[in-house]
Amino acid sequence: MAWVTQTLSSSLGRKVIMSLTGLFLSSFLIVHMAGNLQLFKGDNGRAFNEYTYFMTHNPVIITVSYLLYTSILAHALMAWVLTRHNQSSRPVKYAYSRPEANSPWSSRNMGILGTVLLLFIIIHMRTFWYEMHFGSVPMAEYDGKQYKDLYAVVKEAFSQWWYVLLYVISMVAIGFHLAHGFQSGFQSLGIRHTKYTPMIEFVGRYFFALIIPAAFAAMPIYVFLQVHGII
Amino acid sequence: MKINLKVWRQKNNNTEGKLVEYQLDKISPDMSFLEMFDVLNGELTKKGEEIIAFDHDCREGICGSCSMYINGRAHGPQTGATTCQLHMRSFNDGDTIVVEPWRSRAFPVIKDLMVDRTAFDRVIQSGGYVSVNTGSARDANETLIPRSIADEAMDAAQCIGCGACVAACKNASAMLFVAAKVSHMAVLPQGQAESTERAERMVAQMDAEGFGACSFTGACSVECPKSISLDHIARMNREYLGAKLTSTNVQG
Ligand code: HEM
Ligand code: SF4
Ligand code: FES
């Protein structure tokens, strides 16, 4: 099995791990966003709570969620390994360098953007995931069935302006991370073709870097405005 | 033209270097960047000072030796050109120009602006060849190769091994160079026999030399004097992953 470890620890193999985990996380964003759109229903959280019940009880979803946690850890760990290796490849820096003349900002700052995302994921999971699984969430009853009222937790979190701000900043970070990352992930796998690369770039730039972050950012803003009676 | 230069001076790889300032008054805008250095070295010689060491050979953009990081960019502000193809008219009268050597763990400084690029030679030695007999010139015409494939191979084969891709990359990665060398043989029939081993060996050697990984910033291709395309990096990734999955080499 030496070839497996050797392949995965080569510079190209490490990027394959980054790519597969990163693209898997990207695909999860779609599911996550679609579900969270229930917040906009204006039914005082019923659809949202039913959706979270489904997400925490469906065996397929539960299995996939373990893959998701593993992906986040593997992605962050590999990011750290790669960034250190890449920095050590230039022990003496240039006195004067103009990288902005040849490459987009996001492509050169994936590590910084990723660090913002990691902090966000930790805070985000502490507030919602941890409370849902191990904390004390109030209960709600629909048609005689008991549900954890995660919507109440969401409302409370998003009624704080600084929490909303944290979300908006993090969504800007994920936008930049994916503006570069989504198409780069395909390149790492060697998927590049005159027919498909423009489509991949389009989807990355508009769907993953713009629409998804905007939809996610709209949620805390909407809840904040609603809780404070502004809308 | 008047030019203020800040040039990296370093005695050898064991000593620390620093930027040293020089003023030049009578520079013609038609001089190449290297000719400007010739003038400066002439003046230094007259003053009895040690001249600035820099690599150069063909002075027509084909040998790849004239490595200089000029004003924050590999080979200076012009794209698609080497330092010897850069002319002083690309600068303004009175400009300050900072000149540094390529910076990479795999390219140690020999002296001043000269770096040791034999890491590239070792990558080539590890697999950048074909060991089938391709015959004499007339035999080339017997192997039919469609024009589009020949063009693709020639585009990759244009790489002159200058190292600008490494110099420009934030990770000092040699991906564009290695990809060009893998690619130009991978698309031709003569290169097929060793196709899998080639990618495996060349990538292993690239890693062993201490080059960084690819973040796909695209800086390499922009700064490459031959504008080698990022397509070749994707092809190398395919070749490498295919090789790893299908070759009989179980040791790694
Ligand atoms: C957990 C915190 C995260 C960290 C520390 C992180 C860090 C990084 C870094 C440093 C890279 C660039 C690697 C390179 O230099 O080539 C990268 C690439 C990438 N990231 Fe992240 N990231 C994080 C979270 C995410 C998330 C949440 C997503 C998706 C929703 C994501 C998607 C991607 C993709 C698709 C790539 C491109 C992979 C490639 O170029 O092959 N990342 N990440
Ligand atoms: S790929 Fe371009 S920049 Fe890199 S060594 Fe070859 S010619 Fe120079
Ligand atoms: S001296 Fe040969 S390419 Fe510049």
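The model shown is predicted, which means the values in this text are computed figures rather than measured ones.

## Focus on the overall build of chain B
Looking only at helices and strands, chain B features nine helices and seven strands. A total of 252 residues make up chain B; the buried ones form 52% of that total. In chain B, once contacts between residues fewer than 6 apart in sequence are set aside, the share between residues at least 24 apart is 68%. Of the accessible surface of chain B, which amounts to about 10900 Å², a share of 49% is contributed by carbon and sulfur atoms.

## Re the site of ligand 2
Residue and element names in this part refer to chain B. Every one of the 13 residues lining ligand 2 counts as a neighbour, but Cys 159, Cys 162, Gly 163, Cys 165 and Cys 224 are closest to it. When contributions to the shell around ligand 2 are tallied by element, the ones reaching two or more residues are helix 5 (164-168) and helix 6 (175-186). When grouped by side-chain class, the residues that make up the shell around ligand 2 number 11 nonpolar, two polar and no charged.

## Comments concerning the interface of chain A and chain B
Residue-level contacts link 38 residues of chain A with 49 residues of chain B. For the pairing of chain A and chain B, the buried interface totals around 3600 Å² over both sides, and the portion due to carbon and sulfur atoms is 55%. Where chain A meets chain B, there are one salt bridge. Across the pair B:Asp231 and A:Arg192 runs a salt bridge whose closest N-O atoms are separated by 2.5 Å. Summed over the shared surface of chain A and chain B, the result is 27 residue pairs in polar contact (both at pLDDT 80 or more). Those elements giving two or more residues to the side of chain A that touches chain B turn out to be helix 1 (2-9), helix 2 (11-36), helix 4 (59-88), helix 5 (105-108) and helix 8 (161-188) of chain A.

## Notes on empty space enclosed by the protein
All names here are of chain B. Applying the stated criterion across every chain, the model contains six cavities of 30 Å³ or more. Around the largest cavity sit 14 residues that line it, and Cys 169, Ser 173, Cys 214, Phe 216 and Cys 220 are the ones nearest its centre. For the lining of the largest cavity, the residue count by class is nine nonpolar, five polar and no charged. In this structure, the second largest cavity occupies an estimated 80 Å³ of space. Those elements that place two or more of their residues in the lining of the second largest cavity are helix 5 and helix 6.

## Considerations on the sheet that holds strand 4 (residues 73-74) of chain B
All names here are of chain B. Taken together, the five strands give an open sheet; going across it, the order is 2-1-5-3-4, and neighbouring strands pair in mixed fashion. Only two strands of the sheet have a single partner each, and these edge strands are strand 2 (18-24) and strand 4. Across two bridges, the pairing between strand 3 (residues 69-70) and strand 4 is antiparallel. Each bridged residue has a counterpart across the sheet, and for Ile 70 the counterpart in strand 4 is Arg 73. Here helix 1 (residues 33-46) sits on the sheet and contacts strand 1 (3-9), strand 2, strand 3 and strand 5 (96-100); the angle it forms with strand 2, its principal contact strand, is near 90 degrees.

## Some details on the packing of helix 2 of chain A against helix 3 (residues 46-57) of chain A
A pair of packed helices can be characterised by two numbers: the angle between their axes and the separation between those axes. Residues and elements named next belong to chain A. One can describe the packing of helix 2 onto helix 3 by two numbers: an axis separation of 9 Å at closest approach and a directional angle of 145 degrees. Taking contact as the criterion, the partners of Val 31, His 32, Gly 35 and Asn 36 in helix 2 are, on helix 3, Phe 48, Tyr 51 and Met 55. Its residues assigned to classes, the contact of helix 2 with helix 3 comprises four nonpolar, three polar and no charged.

## Examining the coordination of the iron atom of ligand 1
Residues and elements named next belong to chain A. Within the protein, the iron atom of ligand 1 binds to His 75 (NE2) and His 177 (NE2); these donor distances fall in the range 2.0 Å. Coordination at the iron atom of ligand 1 is octahedral: its six donor atoms span angles of 88 to 180 degrees at the metal. Highlighted residues: His 75 in helix 4 and His 177 in helix 8, separated in sequence by 102 residues. Each member of the pair, His 75 as well as His 177, carries the same accessibility label: buried.

## Description of helix 8 of chain A
Residues and elements named next belong to chain A. If you check helix 8, its first and last C-alpha atoms are 39 Å apart, about what 28 residues at 1.5 Å a residue would give, namely 40 Å. Taking the largest bend as the criterion, helix 8 deviates by roughly 35 degrees, centred on Leu 178. Once helix 8 ends, the next one or two residues include Gly 190, with phi positive near 80 degrees.

## Quick look at the site of ligand 1
Surveying the vicinity of ligand 1 reveals 24 residues, the closest of which are A:Lys15, A:His75, A:His177, A:Ser184 and B:Ser215. Positioned at a junction of chains, ligand 1 has nearby residues supplied by chains A and B. A distance of 2.8 Å is found between a nitrogen atom of ligand 1 and a side-chain nitrogen or oxygen belonging to A:His75. For the shell around ligand 1, the element with the most residues is helix 2 of chain A, which contributes eight residues. Residue composition of the shell around ligand 1, grouped by class: 11 nonpolar, 12 polar and one charged.

## Things to note about the nonpolar core
Ranked by size, the top nonpolar core spans 44 residues in total, and within it B:Trp102, B:Phe107, B:Val166, B:Val178, B:Met206, B:Phe211 and B:Ile233 carry the most contacts. At the level of secondary structure, the elements contributing two or more residues to this core comprise helix 2 (118-127), helix 5, helix 6, helix 7 (195-208), helix 8 (219-223) and helix 9 (231-246) of chain B. The greatest single-element share of this core, amounting to seven residues, is contributed by helix 6 of chain B. The residue makeup of this core includes at least three contributed by each of domain 1 (3-111) and domain 2 (118-246) of chain B. Counting 34 residues, the second-largest nonpolar core is a separate cluster that includes A:Tyr51, A:Phe186, A:Ala217 and A:Met219.

## Some thoughts on the packing of helix 3 of chain A against helix 4 of chain A
All names here are of chain A. In the contact formed by helix 3 and helix 4, the axes pass within 5 Å of each other and the chain directions differ by 70 degrees. Judged by the angle between their axes, helix 3 and helix 4 are roughly perpendicular. On helix 4, the residues touching Phe 54, Met 55, Thr 56 and His 57 of helix 3 are Pro 59, Ile 61 and Ile 62. By residue class, the composition of the contact of helix 3 with helix 4 is five nonpolar, two polar and no charged.

Conventions we followed
- All chains use their own residue numbering, which begins from 1 and follows the written sequence.
- For this description, chains carry letters from A and ligands carry numbers from 1, given in the order in which they are written.
- Only residues with pLDDT of 70 or above have their local features reported here, since the model is predicted, and side-chain atom pairs are shown and tallied only from 80 upward, although totals for entire chains, interfaces and linings are computed over all residues.
- As a rule here, side-chain values cover all heavy atoms of the structure and leave hydrogens and water aside.
- Put simply, DSSP marks the helices as runs of H or I at least four residues long and the strands as runs of E at least two long, and each gets a number from the N terminus on.
- For every residue, the accessible area (1.4 Å probe, protein chains only) is compared with the maximum for its type, and the residue is labelled buried under 20%, exposed over 50%, or partly exposed between those bounds.
- Only heavy atoms enter the contact rule, under which two residues are in contact if any of them lie within 4.5 Å.
- All accessible areas in this document rest on Shrake-Rupley with a 1.4 Å probe, and a residue is counted as covered only by the protein chains that are shown.
- The rule for a residue being near a molecule or strand is that one of its heavy atoms must lie within 4 Å of it.
- Polar here means any residue outside two lists: the nonpolar Ala, Val, Leu, Ile, Met, Phe, Trp, Tyr, Cys and Pro, and the charged Asp, Glu, Lys and Arg; Gly therefore counts as polar.
- Once two parts are brought into contact, the accessible area they lose, counted with a 1.4 Å probe and summed over both, makes up the buried area.
- The rule for a salt bridge is simple: a side-chain nitrogen of Lys or Arg has to be within 4 Å of a carboxyl oxygen of Asp or Glu.
- Each polar contact in these results corresponds to two N or O atoms within 3.5 Å; when the atoms are within protein, one needs to be able to donate a hydrogen and the other to accept it, and residues that are neighboring in sequence are counted only if both atoms are side-chain atoms.
- Note on definitions: the grid is 1 Å and covers protein atoms alone; a cavity is a set of points where a 1.4 Å probe fits but cannot get out; a pocket is an open set with protein on both sides within 12 Å along at least five of seven lines; lining residues have an atom within 4 Å of a point.
- Grid points are joined across faces, edges and corners, and a volume is the space filled by probe spheres set on the points.
- Two strands qualify as a pair provided DSSP detects at least 2 bridges between them.
- Simply put, an axis is a line fit to the C-alpha atoms, just over the touching stretch for a helix, and the angle between two N-to-C directions goes from 0 to 180 degrees.
- Distances define the donors: N, O and S atoms within 2.8 Å of the metal qualify, as do those within 3.2 Å of Na, K or Ca. Water is excluded, so some sites may look unfinished.
- Irregular is the label for any site that misses the other tests, which are tetrahedral for four donors with all angles between 85 and 135 degrees, and square planar for four donors or octahedral for six when opposite donors exceed 155 degrees and the remaining angles lie between 65 and 115.
- Each helix should span, by expectation, one fewer than its residue count multiplied by 1.5 Å.
- Working definition for bend: take the seven residues up to and ending at a residue and the seven starting at it, fit an axis to each, and measure the angle between the axes.
- Definition used in this section: a nonpolar core is a set of buried Ala, Val, Leu, Ile, Met, Phe, Trp, Tyr and Cys residues joined via side-chain atoms within 4.5 Å.
- By convention here, the domain bounds are inherited from an automatic or database domain assignment.
- Note on terminology: angles under 35 degrees are roughly parallel, angles over 145 are roughly antiparallel, angles of 65 to 115 are roughly perpendicular, and the others are oblique.

The values reported here are purely geometric and, on their own, carry no functional implication.
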